[in-house]
Amino acid sequence: MATWDSVVFPTLGEAFRAYGQALATDLEASSNSVNLARMAVLKFTVPGLGGPAQKGKRMTAAEQAAALSFLDGVSVELVATLPEVQRQVFDSLQTAEGIRKTNRYQLRRFLDWMQEQRLAKAVALVETQERQQTKPPKQIHHKGRYGLQPQQWPPALRADFEAFEVFGCSPLGLNLRPASYNCFVGNLNRLLGWLHHIEGEPLESLTFSRLIRLVPLSPNDAELTAVQRFLEQNRLHDAGAEAASEASALLNHYFDFHAGSLSTQRVIAQALLAVAKFVYRAEIERLGLNQGLELNCVPVIRRLRQIYQERCKAEKAAPPVIDYASRSIPWEEAVQVLLQMRQAVDTVIAQYEQSRYIIGKKKGQPKRSLKRVGRDLQRFLIIGFFIVLPPDRNRTVRELEMDRTLLLGRLEGGLFTPAQRLPLGIEPRWYIYLAKDDYKTAKFYGESWIEVPDTPLGNNLGFYHYLDLWIREYRPLFSPNHKVLFVTTNQRKKTAPGKPQGRANLTQRVISEFEKYAGVPVSPQKLRSMYVTQLKSLGVESHVLESAAVAMHHSRAMQDRVYDRQPQPEKIQPILDFNLQLFELIFVAEEQPLPLMEDGKIDFAALTREQQELLQKGLAHEAKRRQGGRLSVNFGGL
């Protein structure tokens, strides 16, 4: 009997080919995602299955074709053994741990993708069999990504999305930021695509009213008698409760499809809640309801709010899907990554300058180009903006725009003076200025100014030198027609060089550089956690933590709840040290009472040596807790 996996893909070869096609057409995937997948499967897994192994330093195209051909004869039912097979290959090749981590991750992505295809196929087959008993068979479309594309929207659904955009982005509606609105649209497309591709519903039936049924909240007929109005109100109440149950059942059915992802369940519940507010907007306006608790009188909104809050609580209580330790490094190592990248940039610049004067290059001599130098310099600066400043979100770094959010000049007394208007002798500084629409939490914290420090990088040059070099000499090589600081540097299928960096592209750049230099795939989000964890571990004072929270645009509560990843033993060590000092002070006080002056204060000059040493130990520990050990304590003057 065939398993569900073999129904989808009969061999590992067919599965891997389909996976490669999915990566190649994925707009959010990095440019080298296909090559990384081939390395993990063809180089580090196929030999363990008895297939051909790489012979030279690099895997040739012929060797890749031979390995893929071998997989065509391997049953997909062996998929569960692949992680162990890969481990055995690692051991036989004595592969470094950093390379193991990268390729374990790539193999896991392939296996997760296969699981998604298996689940989608299984659900579709079961539902098809059930519908065949009462309805003629329908054509079910199977795609790696089941969400609808905008070009697939039927006219009625397109009209719904257009009206939803107006309502969602309006200050009188949901007042969503463009990024939040786009997330809602993406999640709704996945829900609608699931209804169409997996559940088999026709495209023409997919409208917002299919997701949320509108039931008036009260009778709107002024000619009804009191009895008629009472009966109609009861009918509407029952119909509203039924509509809420329908929306709840739809969500729960979709949650079964995403049973392993609480975050997916949370965001789709949030998106459907936004749709409910949109569908009921006329009723809400007719009754003069505010957007707060008053909306709970709408049964479907009240129920969706409950589901959303339940998923939020469940997600917070659940262990992380990806272990924090496996995706992070100590902050000191992150700084070392930046310094190593600076050394690499200096090297490629020197090699380019040298190669300019070599006539008739010989084999083996470095061949550098200005664009190659520019690519390395931009990657260094991207990492630099996350390291020399308290790490901000991906969006802030990605959307840095000269003369708008990245400004050169002087900020004094709340007034900014551009560089070209500064008096002679006043050196300009770089600043990041974020207005109310430029970052996620702007509506809570308002506009933001932060100075970019000219951090010394160990070669008598600072961060400004490389930033100016990029803006002045290398960024123009990619012919941008805008002022966004970071640009695409490679020709892609749908992106030409010089376009603003995309979110996924910048995230992948950060992950790739940390994989390269530290052996750990650290994302921009993890950098924020690493930084806060470092501050907590150093025991910095409260005002320093408050300053970091302001710079990172979140609250102290968020800092403690989300970003502080100190191990539990480290968090409780300060109170253990305090208890030990307390006992020591009590014992010394009993044996040698502290000398007091007439006003009741301690007479420091009369302290015994043992008392001085104990007090010095306590002050030194407090100094280390507050300032990371930078304050020395000396009683030589007593």
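Draft legend 1. Local environment of the side chain of Thr441. Along the chain, the position of Thr441 falls in the loop between β3 (429-434) and α17 (442-445). For Thr441, a relative accessible area of 12% corresponds to the buried category. Here the side chain of Thr441 touches His553 through a polar contact of 2.8 Å, landing on its backbone oxygen. With sequence-adjacent residues up to four places away left out, Thr441 is seen in contact with Arg393 and His553.

Draft legend 2. Here's a closer look at the confidence of the model for the protein chain. In the predicted model, the protein chain carries a mean pLDDT of 81, and the fraction of residues at 70 or more is 81%. Here residues 123-144 is modelled with pLDDT under 50, and outside its nearest four sequence neighbours on either side it reaches 28 contacts, counting other chains as well. Below pLDDT 50 for its whole length, residues 629-638 participates in 12 contacts with residues either more than four positions away or in separate chains.

Draft legend 3. Representation of helix α10 (residues 226-257) within the structure. The end-to-end C-alpha separation of α10 is 47 Å, in line with the 46 Å expected for 32 residues at 1.5 Å each. Of the residues making up α10, those classed as buried are Leu236, Ala239, Gly240, Ala243, Ala244, Ala247, Ser248, Leu250, Leu251, Tyr254, Phe255 and Phe257.

Draft legend 4. A look at the environment of Lys101. By the secondary structure assignment, Lys101 is in helix α6 (residues 97-131). Lys101 gets classed as partly exposed once you look at its relative accessible area, which sits at 29%. Sequence separation of Lys101 and Pro521 is 420 residues, and the distance between their C-alpha atoms is 8.6 Å. Those residues in contact with Lys101 that lie beyond four places of it in its chain are Gly519 and Val520.

Draft legend 5. Region of the structure containing the packing of aromatic side chains. Under the counting rule described, the total for this entry stands at 26 aromatic pairs. An angle of 40 degrees between the planes, with centres 5.8 Å apart, marks the rings of Phe164 and Tyr181 as tilted. Taken as a pair, Phe164 in helix α7 (residues 155-169) and Tyr181 in helix α8 (residues 178-198) lie far apart in primary sequence, 17 residues in all. Here Phe164 matches Tyr181 in class, with each residue buried. Taken together, Trp153, Phe161, Phe164, Phe167, Tyr181, Phe208 and Phe278 form an aromatic cluster joined through their ring pairs.

Draft legend 6. Structural context of the sheet that holds β3. The four strands are arranged β2-β1-β3-β4 in an open sheet whose pairing can be described as antiparallel. Each edge of the sheet is formed by a strand with only one pairing partner; in this case those strands are β2 (415-418) and β4 (448-452). On average, each strand axis in the sheet is tilted by 55 degrees relative to the strand beside it, whichever way the strands run. Here five bridges tie β3 to β4, and the two strands are oriented antiparallel to one another. Residue pairing in the sheet places Leu434 in a bridge with Ser448 of β4. Each of β3 and β4 touches helix α18 (residues 463-474); the most contacted strand, β3, lies at about 75 degrees to it.

Draft legend 7. Main features of helix α19 (residues 503-518). For α19, which comprises 16 residues, the first-to-last C-alpha distance of 22 Å matches the rise-based estimate of 22 Å (1.5 Å per residue) to within 8%. Gly519 occupies a position one or two residues after α19 and carries a positive phi of about 75 degrees.

Draft legend 8. Structural context of the packing of α7 against helix α11 (residues 262-279). Between α7 and α11, the least distance of the axes is 10 Å, while the angle of their chain directions is 90 degrees. With respect to each other, α7 and α11 are oriented roughly perpendicular. When α7 is examined against α11, the residues Asp160, Ala163, Phe164 and Phe167 are found in contact with a partner set consisting of Ala274, Val275, Lys277 and Phe278. The class makeup of the residues in the contact of α7 with α11 is six nonpolar, no polar and two charged.

Draft legend 9. Main features of the pattern of salt bridges. In this structure the tally under the stated criterion is 23 salt bridges. Put simply, Arg379 and Asp376 hold a salt bridge, and the shortest N to O gap is 3.6 Å. Here Asp376 and Arg379 lie together in helix α15 (residues 370-387), a separation of three residues that amounts to about one turn. Of the residues examined, Arg379 reaches a relative accessible area of 22% and is grouped as partly exposed. Look at Asp376 and you get buried, because its relative accessible area is 14%.

Draft legend 10. Spotlight on the pairing of β2. When strand β1 (residues 406-412) meets β2, the two strands line up antiparallel, connected through four bridges. Note that in β2 the partner of Arg410 across the bridge is Thr417. Where β1 folds back onto β2 in an antiparallel hairpin, the turn is made up of two residues, including Gly413, whose phi is positive at roughly 60 degrees.

Draft legend 11. Focus on the packing of helix α2 (residues 12-24) against helix α3 (residues 33-43). Contact geometry for α2 and α3: axes closest at 9 Å, N-to-C directions at 160 degrees. Of the possible angle classes, the one that applies to α2 and α3 is roughly antiparallel. The two elements α2 and α3 cross, and the hand of that crossing is right-handed. Contact residues: α2 offers Phe16, Tyr19, Gly20, Leu23 and Ala24, while α3 offers Ser33, Val34, Ala37, Arg38, Val41 and Leu42. Of the residues contributing to the contact of α2 with α3, the split by class is eight nonpolar, two polar and one charged.

Draft legend 12. Structural context of the environment of Pro521. By the secondary structure assignment, Pro521 is in the loop between α19 and α20 (524-538). Sequence separation of Pro521 and Arg327 is 194 residues, and the distance between their C-alpha atoms is 5.7 Å. Apart from residues lying up to four places away in sequence, Pro521 is in contact with Ser326, Arg327, Ile511 and Glu515.

How each quantity is defined
Residues numbered from 1 in each chain as written. Predicted model: local features only at pLDDT ≥ 70, side-chain atom pairs only at ≥ 80, totals over all residues. Heavy atoms only, no water. Helix = DSSP H or I, 4+ residues; strand = E, 2+ residues; numbered from the N terminus. Buried < 20%, exposed > 50% of the residue type's maximum accessible area, 1.4 Å probe, protein only. Polar contact = N/O pair within 3.5 Å; in protein donor to acceptor, adjacent residues only side chain to side chain. Contact = heavy atoms within 4.5 Å. pLDDT = per-residue confidence, 0-100. Expected span 1.5 Å × (residues − 1). Phe/Tyr/Trp six-rings, centres within 6.5 Å; stacked < 30°, edge-to-face > 60°. Pairing = 2+ DSSP bridges. Axes fitted to C-alpha atoms, helices over the stretch in contact; angles between N-to-C directions. Parallel < 35°, antiparallel > 145°, perpendicular 65-115°, else oblique. Nonpolar A, V, L, I, M, F, W, Y, C, P; charged D, E, K, R; others polar. Salt bridge = Lys/Arg side-chain N within 4 Å of Asp/Glu carboxyl O. Left-handed = near helix turned anticlockwise from the far one by under 90°.

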